[in-house]
Amino acid sequence: MVTLAQIPLSRPDLSAMEVEEVLSVLRTPWLSMGPKIQEFEERFARHLGVGHAVAVANGTCGLHLAVRAIGVQPGAEVITTPFSFVATANVLLFERATPVFVDVDPQTLNLTPEAVQTVIDRWYVRRDGRMVHRTTEAPLLAILPVSVFGHPVEMEGFRALARTYGLRIVHDTCEAFGSVYWSGERKAWISEAVLADAAVFAFYPNKQLTTGEGGMVVTDDQAIATYCRMARNQGRRPGADWLAHDILGFNYRMDELSAALGVAQLRRAPELLARREQVARWYEEALAPIEEVERPRATPWARVAWFVYVIRVRSGVNRDAIIEHLATRGIAAKPYFPPIHLHDHFRALGYKPGDFPVTEAAASRTIALPFFNALTQGQVLEVARTVKEAIYRNVGA
Ligand SMILES: *Cc1c(COP(=O)(O)O)cnc(C)c1O
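Treat the numbers as computed from the prediction; the structure is a model and nothing was measured.

Calculation rules
- Residues numbered from 1 in each chain as written.
- Predicted model: local features only at pLDDT ≥ 70, side-chain atom pairs only at ≥ 80, totals over all residues.
- Heavy atoms only, no water.
- Helix = DSSP H or I, 4+ residues; strand = E, 2+ residues; numbered from the N terminus.
- Rg over C-alpha atoms; globule rule 2.2 N^0.38 Å.
- Buried < 20%, exposed > 50% of the residue type's maximum accessible area, 1.4 Å probe, protein only.
- Contact = heavy atoms within 4.5 Å.
- Areas by Shrake-Rupley, 256 points an atom, 1.4 Å probe, with all protein chains shown as cover.
- Pairing = 2+ DSSP bridges.
- 1 Å grid on protein atoms, 1.4 Å probe; cavity = no way out; pocket = protein on both sides within 12 Å on 5 of 7 lines; lining within 4 Å.
- Points joined across faces, edges and corners; volume = space filled by probe spheres on them.
- Salt bridge = Lys/Arg side-chain N within 4 Å of Asp/Glu carboxyl O.
- Core = buried A, V, L, I, M, F, W, Y, C linked by side-chain atoms within 4.5 Å.
- Patch = residues over 30% accessible without salt bridge, like charges linked within 9 Å, V, L, I, M, F, W, Y side chains within 5 Å.
- Near = heavy atom within 4 Å.
- Polar contact = N/O pair within 3.5 Å; in protein donor to acceptor, adjacent residues only side chain to side chain.
- Expected span 1.5 Å × (residues − 1).
- Arc of directions from axis to C-beta.

J.: How should the overall build of the protein be read in this particular structure?
T.: What the protein contains, in helices and strands, is 13 helices and 15 strands. For 397 residues, the compact-globule formula gives about 21 Å, and the C-alpha radius of gyration of the protein, at 21 Å, lands near that figure. Across its three principal directions, the C-alpha atoms of the protein cover 65 × 60 × 45 Å. Within the span of the protein, comprising 397 residues, buried residues form 55% of the whole. A separation of at least 24 residues holds for 71% of the contacts in the protein among residues at least 6 apart in sequence. On the protein, roughly 17,200 Å² of surface is accessible, and the fraction owed to carbon and sulfur atoms is 54%.

J.: What's the story with helix α4 (residues 87–94) in this structure? I'm lost.
T.: Working note: α-helix, 3.6 residues per turn, so residues spaced by three or four point in the same direction. Counting buried positions along α4 gives seven out of eight residues, so the element sits mostly inside the fold. For α4, the complete set of buried residues consists of Ala87, Thr88, Ala89, Asn90, Val91, Leu92 and Leu93. Next to the buried residues of α4 lie α3 (59–69), β2 (77–80), β3 (98–101), β6 (140–144), β7 (168–172) and α11 (344–347). Where α4 ends, the next residue or the one after it, Arg96, has phi of about 55 degrees, a positive value.

J.: For this particular structure, what's the right way to read the sheet that holds strand β9 (residues 188–190)?
T.: Whether parallel or antiparallel, the strands of a sheet pair through hydrogen bonds between backbone atoms. Spatially, the three strands line up as an open sheet ordered β9-β8-β13, and their pairing is antiparallel. On the outer flanks of this sheet lie β9 and β13 (302–303), each paired with one strand and no other. Where strand β8 (residues 180–183) lies against β9, three bridges are found, and the strand directions are antiparallel. From the neighbouring strand, Tyr181 faces β9, where its bridge partner is Ile190.

J.: I keep staring at empty space enclosed by the protein and nothing clicks. Help me out?
T.: It is a probe the size of a water molecule, rolled over the atoms, that shows where empty space is left. All told, the structure shown has one cavity of 30 Å³ or more when counted by the stated rule. Counted as a void, the largest cavity has a volume near 90 Å³.

J.: Even after reading the chapter, I still don't get the pairing of β8, so can you show me in this structure?
T.: Note: β8 against β13, two bridges, orientation antiparallel. Looking at β13, one finds that Tyr181 is bridged to Ala302. Two successive antiparallel strands, β8 and β9, enclose a turn made up of four residues, where Lys187 displays a positive phi of approximately 50 degrees.

J.: What is the right way to read the pattern of salt bridges from this model?
T.: A side chain of one charge can pair with a side chain of the opposite charge if their charged atoms are brought near each other. Taken as a whole, this structure holds 23 salt bridges when the rule is applied. A salt bridge links Asp221 to Arg168; the nearest nitrogen and oxygen atoms lie 3.4 Å apart. Taken together, the residues Asp221 in the loop between β11 (215–219) and α7 (222–232) and Arg168 in strand β7 connect sequence positions 53 residues apart. Assessed through its relative accessible area of 25%, Arg168 is described here as partly exposed. Because the salt bridges share partners, they merge into one network encompassing Glu21, Lys36, Glu39, Arg43 and Arg267.

J.: Help me understand the nonpolar core in this model?
T.: Of all hydrophobic cores here, the largest spans 45 residues; its most connected members are Phe40 and Phe44. Those elements giving two or more residues to this core turn out to be α2 (35–48), β1 (52–56), α5 (113–123), β6, α6 (155–165), β10 (198–202), β11 and α8 (256–267). Beyond its immediate chain neighbours, meaning those up to four positions away, Phe40 contacts Phe203, Leu209, Thr211, Met216, Met254, Ala259, Gly262, Val263 and Leu266.

J.: Where do I start with a nonpolar patch on the surface in this structure?
T.: Residues Val19, Leu23, Leu26 and Leu31 make up a contiguous nonpolar surface patch of roughly 330 Å² in combined accessible area. As for its placement among the helices and strands, Leu23 is situated in helix α1 (residues 16–26).

J.: Would you mind showing me how to read the site of the ligand here?
T.: Inspection of the region around the ligand gives 14 residues, with Gly59, Thr60, Asp172, Glu175 and Lys207 positioned closest. Note that an oxygen atom of the ligand is positioned 2.5 Å from one of the side-chain N or O atoms of Thr60. Glu175 is positioned such that a nitrogen or oxygen atom in its side chain is 2.6 Å from an oxygen atom of the ligand. Expressed as a share of its isolated accessible area of 380 Å², the protein-covered part of the ligand is 92%. A total of three residues in the shell around the ligand trace back to one element, the largest contributor, which is α3.

J.: Would you explain the environment of Gln38 in this entry?
T.: By the element assignment, Gln38 lies in helix α2. In this structure the C-alpha to C-alpha distance between Gln38 and Phe346, which are 308 residues apart in sequence, comes to 38 Å.

J.: Sorry if this is basic, but what is going on with α2 here?
T.: Under the 1.5 Å per step criterion, the end-to-end length of α2 is 20 Å for 14 residues, consistent within 8% with the ideal 20 Å. Turning to α2, its buried residues are Lys36, Ile37, Phe40, Glu41, Phe44, Ala45 and Leu48. All buried residues of α2 lie within an arc of 160 degrees about the axis, which places them on one face of the element. In the core, the buried residues of α2 are packed alongside α1, β1, β10, β11, α7 and α8.

The following block contains the structure:
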């Protein structure tokens, strides 16, 4: 039986301004490749303080372009996390590159520079000025960290590694629009995305900021920006003739309606992020008395941009029974994320349970609770009460 959730997992926050922006595009002849995309890109780059922003059809396309832009080729190895949305590693498979998974930090659930260093020391050597795998001689090319659930990664630590070993960094920040990180070098709170060679945002309806479908590659590197601009548009050089295709390209363009939605959402960014923060604080209070529930916490050098609200139940508590109980009460909840290496198409490459114990342990205990801007404090209390009820029903079960 399908029960319709009265409290869904997610819902976009759209105001009359978004409706107006989109309608205004419909009154023009430009539904693609018009002025809105340029406006959205310029505003986004300025908002972040980064040289270039290239809008694309979705976050996955953005990641695909970014990894190609830094030179990922068949056989190249890229260090990344098994605890993320599957798209992070899929884009490497598209290019016949090898994701080298490194287990995550048990608190932040992110890749750490220390763990990456350990893997580099163990498996790679420098030969002819580049890092290659000790046994296969495959080149190690890049690090692809992900700011999971909106918690920033230690980007300066990754940068130090990148400098030492000649690696590039693509940052999957699809879940972290608005996150900030304490930069030890700059002595300031900054978006850690600006420190990567390329960073990718996504604007699916459940993200902090939405364009329906959409994504953005940001970079300070002119060559990366130019590659992304050309490759998203069938390989055309900017300003070139319609049928001139200089490189292999895709159609990964964002349309004007999405860009208009993005312009309006970006204008509301402070309000959208503050509202998410408020809902997270309500959860924090409401769940605090439940001993079996671990709430998400930010490290002292991080300010989380709340994407989802993911709790972890203590081991021994039946997570799936809680999700089922919530469903019977009309509350949507989901296990977030199933580990990437345990999806069938990764198992077929030889990955198996037990490969990344921290990721697997976390993944078996997580529950994403309903999280969106229109959630009321009353609904948050109802969710918390229902979680508690489910736990006490299932104690010992
Ligand atoms: C949402 C997301 C993506 C992909 O975004 P789409 O726009 O859905 O393609 C990539 N990586 C992570 C971690 C995400 O959460």
